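Fold and geometry: a report
As a plain string of letters, each chain reads:
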Amino acid sequence: MRIKFSLLYFLILISSASFAQVLQNSQINGSFQIDGQYYQTDSAIGAYAPAQDIDLMGFGNLTFTNGPFTAGVRYESYNNAIVGYDQRYNGSEIVHRYAQYNNDGLDITIGNFYEQFGNGLIFRSYQDWSLGYDNAMDGIRVVFEPTKGIRLKGAYGKQRFFYENGPGIVRGIDGEISINDFLSNYKESWSSKKLKTVLGASVVSKYQKDNDPLRKLPENVLAYALRANINYNDFFLLSEYAYKYNDPSTGNGLIYKPGNALYLVSGYSKKGIGLTVSGKWIDNMNFRSDRAAVLNDLSINFLPALPKEQTYRLATLYPYGTQSNGEFSGKAELYYRFQPKTKLGGKYGTQINLSSSMVQSIDTDSATSKEFGPKSNFLTPGDERYFRDVNFEIEKKISPNFKGSAQYIYTEYNKNVIEGKVGADYVYAHINIIEFYYKINTTHNIRTELQHLFTDQDKKNWVMALIEYSIAPHWFITAYDEYNYGNEKSKERIHYLNGNIVYAFGSNRISIGYGKLRAGLLCVGGVCRVVPASSGLTFSITSSF
Amino acid sequence: MKKLIIFVLFLSFSFISFAQESESFQMPSITLKDMDGNTINTSELKNDGKPLIISFWATWCKPCVNELSTIAENYSDWQDETGVKLIAISIDNSRTSNNVKPFVNGKSWDYEVLLDVNGDFKRAMNVNTVPHTFLFDGNMKLLNQHTSYAPGDEIKLYEKVKSAAVSSK
Amino acid sequence: MNRNSTLFYSYLLQICFVFVLSFSACDIIKEPYLEEGGGNGTNDSVLRKVIIEDFTGHLCANCPDAHRESDALKNIFGKQLIVLSIHSGDFAIPLPAGAPKYTYDFRTPEGNELNNYFQLMSWPNGVVNRTSYGGSLLLNYPSWGAAVGDLINLPAEAQIELDHSYDSTTRTLNTTISVEMLEDMNGILKVCAFIVEDSIINWQLDDKATPKDVQFYVHKHVLRGSLFAPPHNTWGKEIANGPVSSGDTFTLQESKNISANYNENQVSVIAYIYNDVTKEIIQAEEAKILP
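Residues numbered from 1 in each chain as written. Chains lettered and ligands numbered in written order. Predicted model: local features only at pLDDT ≥ 70, side-chain atom pairs only at ≥ 80, totals over all residues.

**Here we look at the overall build of chain B**
A tally of helices and strands in chain B yields five helices and seven strands. Along chain B, helices and strands appear, N-terminal first, in the series α-β-β-β-α-β-α-β-α-β-β-α. Going through the 169 residues of chain B one by one, you find that 51% of them count as buried. Pairs at least 24 residues apart make up 71% of the contacts formed inside chain B by residues separated by at least 6 positions. (Helix = DSSP H or I, 4+ residues; strand = E, 2+ residues; numbered from the N terminus. Buried ≥ 20, exposed ≤ 12 C-beta atoms within 10 Å, placed from the backbone. Contact = placed C-beta atoms within 7 Å.)

If you want it as C-alpha cells, here you go:
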C-alpha cells in the first residue's frame, strides 16, 4: 500500500519535473535528524547494553512546494530505536506522505496529516520525535474558509500505529467563527472592536468493529466539544467543554459511562504583567481509535496537563502526567517585570514569575452497575491528591556581563498514581536552583547551574552542578554531574557525570555526549515516556534546508 | 524496489532544487492565531521591503527565552536603525499556549507573536528543534537560518540584519 | 474562485455539514451491556482448544480486570478455552522479604523467558494461541474475546491426550502426551507442557476493590514451571521436521517432581503443539494430575 503511494508521488514528481516552468517556481525544503547511542553496561545504575551495542535512529523530511501545491514525504529509520523509545519502532520506511492543494480559501490534503480541534480535548493528531509519539492521520482533510471569519475543517482517516494504521476509523468536523472578522465583512468597524469573540464547535466520531463475545460494544463512539475565546482589552477568557458518549476501553476498565472535560483559562495581561488562572476537569476522557490500546498508542485526543512544564534537570524528576480517567486541577500564574530604573527594578529591571497548581482526584459515587462504572459529581474534587507545586523564580541582570536567576520549587507528587508504581511513596520535594550567566566577551560566555532537591521520600536528596562554556555562534561545551547523595543505600549514591559538546552552524547542529543518564520520565504536555538509565556515548545530528 | 523509489525521489528532488536559485522564499500557507485571537496566514508574513526575522520559540525553552529577552533589550534600536521586524512563533502546545500572552507581556516583549499550537508552521518550515531563527531580506529572500542560541549570537544576527537592510534598499 | 462559486461551495459545505451531523455516528448502548448466551455450534468430535497466556503481576492494579475478563470468557467458551496466568515483568517483582505483603514470588524462568520473547511493555497483556489478531500478537484483554472467537470454531488440526500417573507420597508425576495429527502439515512441530496450579491464595492489588490491597485473592491457573527439564523447559521438544500426515501419532513421556509447596489437588498440566516457525499454537489440552 505504501509502495503504491510512493509510486504515485514518483509519478507526480516525474511529470512535474518535465515542465521547465514548473521547476523554476518550485521550492524544496527538508530536514533530517540522526540520533545514536553507543551503550556501555553499568550495572550500578541499572544500565544494560543491548546485544547490538549501538542504536541509530533518524528521520528525513522533504517538502515540495509549487504555488498552491505541496507534497511531502517523511522517512524514518530505527535500527534499533534508542533504549527508552518504544521498541515497536523497528525498521525503515516512508511513514508519512501527503499531497496538498491550498488555494483561495480551500485547502485539501490527501495522505497523512496532522490536525487539532480547539485545545485538542477531543481531537489532536501530532508528532513529537523526542517522545516517540506520532498519531498522524492517514486519509483526507479539507479546510474551507467560505468567508472571512469562518473556518470549517473536516478530517477523515485512520491513525498511524508504528508502521501500520490502527484498526479504527476517525472522522471529525470542526467549525470556528470569529465574530469580529465575520461582521467586519459587513461593517468595517467590527475588526477594531475591543471585545473579540471566537466561537467553535467540533464533533469527532470513531468506528471500530465489535467482535467481543462478552459485551455489546458501541462500534461508533461520538464526542463533541464547544469552545469560546473572549478577549476584552487586557482581559481574556478561553473555555472549552467536551463530552464523549459511551466508550468502554482498556483505558477506563471497559466501563460504559460517558466522559466529559472542561478547560478554562482566564487572564489579565499588559506590558510588564501577566496573570492567569486556569482550571481543568477531566472525567473518563481516554479516547482512542482502538479500544484495546494502552500506553501512548492511538490516542485521538490530547488532555494537556496544567502544572508548570519544568525544564531544569532536577525539577524534571517528578513531572506530572495527565490522568485521563479523572482529575480536577487548578493553576494560578503570575509574571511581573519591575521595569528598569525603578526601586525594585534596578538598572536593568527584575523579572519575577510565580505559579502554583494542584491536581486532585474527582469525586465519585460507588458504582451502581459494574459495567456502567461509578457516577462522578461534576466539578467536585475527590479526596486523593495527585500533584501540587509552587514555583517562585526571580531573574535579574546585575551588570552588563553578569545575570542570574534563582528559583524555589515545592512539589507534591503522588508516585502511586502518576507512575502506577504501587507501594511507592507520596513524595514531598523542595528544589532550589541558581543559575548564572557570565559574559567574558561578546562571544565567550559561561553559564552555571546549581540545583538541589530535598526530599525525605523516594530516593531522597539530589544535587546537581552544571557548567557550560559557549563560543558564539558555534560551540557549546557542557559538563554536569547529578549526584543522588541522599540515597539510603550507599551503593546507589551515584554520580551521574556527563559531558557534552555541541557544534551549531546555520541550521545544523551536531552534538556528542558521554556519560551516565539516570532513569526518569520524559513528559511533553502531560504525555510521558519512561527513560531507563543508560551509560555510554550519545550523538545527534540535526539539519534543515 | 522501495529503496529504489526513495533513491529516485531524492535524485529528482535534488535535480529540482538545483534548478532554483536566489528565488524569494515561498512562505508556507498556514493559518495561525495571534495572541488576541486574530487569524493570520503565514503566507502573508512580510515587512514591507525591510528585513524580517522569524524566530521559533516556546515558553518552556530556556535558550529561546534568553535569546528573545536579549534581543528585546535592543529591539527598539534595531527597529530604528534598520526597520527590522521580529515575529516570534510560539510552538507551545495547548498545555502552555494559553499562557503565552501573559508570559510575553510579563517579559515586556514588543514582538508580534503567533501561536503555532499544533506545530503546523514548524513542520512546514522544517524546524526540528527550537530556538530556530530565519532571517529574510526585504524581498523575502532567505538569507540565513540558525538553530540554538549562545549569548553573542544576537550580535552576529544584527550584523546580518544591517547588511540586509542596506541591500534591500 | 469568484464570489459566486465561493457561495456555492459554502452551500455545498453546509449541506455536507448537515449530512455529516445527521450521520455522525454514535451508538448509545443501554443496559444490559453484556451479550446473552452464546456458545459454539460446532459438532466436531474433536474440538480446537485455545490458550490465553495472561501476563500479569500481583502489584499490577489493572491486572484483575484481565483476570475477570478471562473468567467471563471461560463461561462462554467452556473447556475449549485454556487460560494460563504468567506472572512476569515490572509488577510481578516481589517486595523485599520482611515487607507485610506482596513478598511472594510468582515468577518462573519460563514465564520470564516468554515475557522477554513477546517484548512486553505493559501489563496486563496477553497472547492468544500465540497468533496475531488484527496485526498484533500482544493483545490487551478487551481483544481477547474477539481473538479467541476467531480461532475457536476452526476445525481441530491435531488432538492431544494427557495420561497422568501421580504418586502422592513421592510427589512424582509421570505424564504421557499423545498427539494425533488430524490434518496434513509441513514444518517444524514442537510440543511443550507447563505445570499450572489453580486457586493460590495470596495478595493482589486490585484497582476495583476496596481496599485495593486484597489479602485473600484467588490466583487462578498460575504458571508454576515446565513439565520438561531444561533446555526444553520453555519451548518444548521437536516432534517433527518436515511433512506429517493426518493420522500420524507422536508420544512423549515425561516425569516431574511436584513441589511440596503446591496443592496437588489443584495442579494440572497444559500441553500444546505448535509450529516452531510461526510459534502459533495448533492444539492444546489441559488435565489435572489427580482426578
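**Things to note about the overall build of chain C**
Of the regular secondary structure elements, chain C holds four helices and 14 strands. Going through the 291 residues of chain C one by one, you find that 37% of them count as buried. In chain C, once contacts between residues fewer than 6 apart in sequence are set aside, the share between residues at least 24 apart is 72%.

**Quick look at the packing of helix H2 (residues 63–77) of chain C against helix H4 (residues 144–152) of chain C**
Residue and element names in this part refer to chain C. At a minimum axis distance of 10 Å, the contact between H2 and H4 shows a crossing angle of 30°. As summarised for this structure, H2 and H4 are arranged roughly parallel, according to the angle between their axes. Crossing handedness for the pair H2 and H4: right-handed. Every residue of H4 that contacts H2 at Glu69, Ser70, Leu73 and Phe77 is listed here: Trp144, Gly145, Val148 and Ile152. Classifying every residue of the contact of H2 with H4 gives five nonpolar, two polar and one charged. (Axes fitted to C-alpha atoms, helices over the stretch in contact; angles between N-to-C directions. Parallel < 35°, antiparallel > 145°, perpendicular 65-115°, else oblique. Left-handed = near helix turned anticlockwise from the far one by under 90°. Nonpolar A, V, L, I, M, F, W, Y, C, P; charged D, E, K, R; others polar.)

**Some thoughts on the interface of chain C and chain A**
On the side of chain A, 39 residues touch chain C, which itself brings 40 residues to the contact. For the side of chain C that touches chain A, the leading source of residues is helix H1 (residues 3–23) of chain C, giving six residues.

**Remarks on the sheet that holds strand E6 (residues 172–181) of chain C**
Residue and element names in this part refer to chain C. Read across the open sheet, the three strands follow the order E5-E6-E12; overall the sheet is antiparallel. Edge positions in the open sheet fall to strand E5 (158–167) and strand E12 (249–257), since each of these has one partner strand only. Along the sheet, successive strands turn relative to each other by an average axial angle of 15°, direction set aside. As defined by bridge partners, E6 adjoins E12 across nine bridges and the pair is classed as antiparallel. Within E12, the residue paired with isoleucine 177 across the bridge is leucine 252. (Pairing = 2+ DSSP bridges.)

**Brief notes about the sheet that holds strand E2 (residues 39–41) of chain B**
All names here are of chain B. Read from one edge of the open sheet, seven strands run E2-E1-E5-E4-E3-E6-E7, paired in mixed fashion. Each having just a single partner strand, E2 and strand E7 (142–147) make up the two edges of the open sheet. Going from strand to strand, the sheet's axes swing by 30° on average, the running direction of each strand aside. As paired elements, strand E1 (residues 31–34) and E2 share three bridges and run antiparallel to each other. Bridge pairing in E2 links leucine 32 to isoleucine 40.

**A few points about the nonpolar core**
Ranked by size, the top nonpolar core spans 72 residues in total, and within it Leu84, Val148 and Ile270 of chain C carry the most contacts. Once you skip the residues sitting within four places of it in the chain, valine 148 of chain C turns out to touch Val50, Ile52, Leu73, Phe77, Leu81 and Val128 of chain C. Val84, Met125, Tyr149 and Ala164 of chain B belong to the second-largest nonpolar core, a separate cluster that totals 50 residues. (Core = buried A, V, L, I, M, F, W, Y, C linked by C-beta atoms within 7 Å.)

**Details of the interface of chain A and chain B**
Residue-level contacts link 80 residues of chain A with 53 residues of chain B. A total of eight residues in the side of chain A that touches chain B trace back to one element, the largest contributor, which is helix H1 (residues 2–17) of chain A. Class assignment of the residues belonging to the side of chain A that touches chain B gives a composition of 34 nonpolar, 36 polar and 10 charged.

**Some words on H2 of chain C**
Residues and elements named next belong to chain C. The terminal C-alpha atoms of H2, which comprises 15 residues, lie 21 Å apart, in line with the 21 Å expected from a rise of 1.5 Å per residue. Here H2 has its buried residues at Cys63, Pro64, Ala66, His67, Glu69, Ser70, Leu73 and Phe77. Contacts made by the buried residues of H2 are with strand E1 (50–56), strand E2 (81–87), strand E3 (125–128), H4 and strand E8 (200–205). (Expected span 1.5 Å × (residues − 1).)

**Considering the pairing of E1 of chain B**
Residues and elements named next belong to chain B. Between E1 and E2, which pair antiparallel in sequence order, lie four residues; one of them, glycine 37, sits at a positive phi of approximately 90°. Here two bridges tie E1 to strand E5 (residues 112–115), and the two strands are oriented antiparallel to one another. Note on E5: the bridge partner recorded for aspartate 34 is leucine 114.

**Some remarks on the environment of asparagine 231 of chain A**
Residues and elements named next belong to chain A. With respect to the element layout, asparagine 231 can be found in strand E14 (residues 220–232). Judged by the 21 C-beta atoms lying within 10 Å of it, asparagine 231 falls in the buried class. When the C-alpha atoms of asparagine 231 and asparagine 498 are compared, they prove to be 47 Å apart, with 267 residues separating the residues in sequence.

**Re unusual backbone geometry**
At the junction of valine 130 of chain B and proline 131 of chain B, the peptide bond is cis and its omega measures out at -5° in the coordinates. Following the sequence through the fold, proline 131 of chain B ends up in the loop between helix H4 (120–124) and strand E6 (132–136). Geometrically, the link from glutamate 31 of chain C to proline 32 of chain C is a cis peptide bond, its omega value of 0° lying close to zero. Tracing the chain through its elements places proline 32 of chain C in the loop between H1 and E1.

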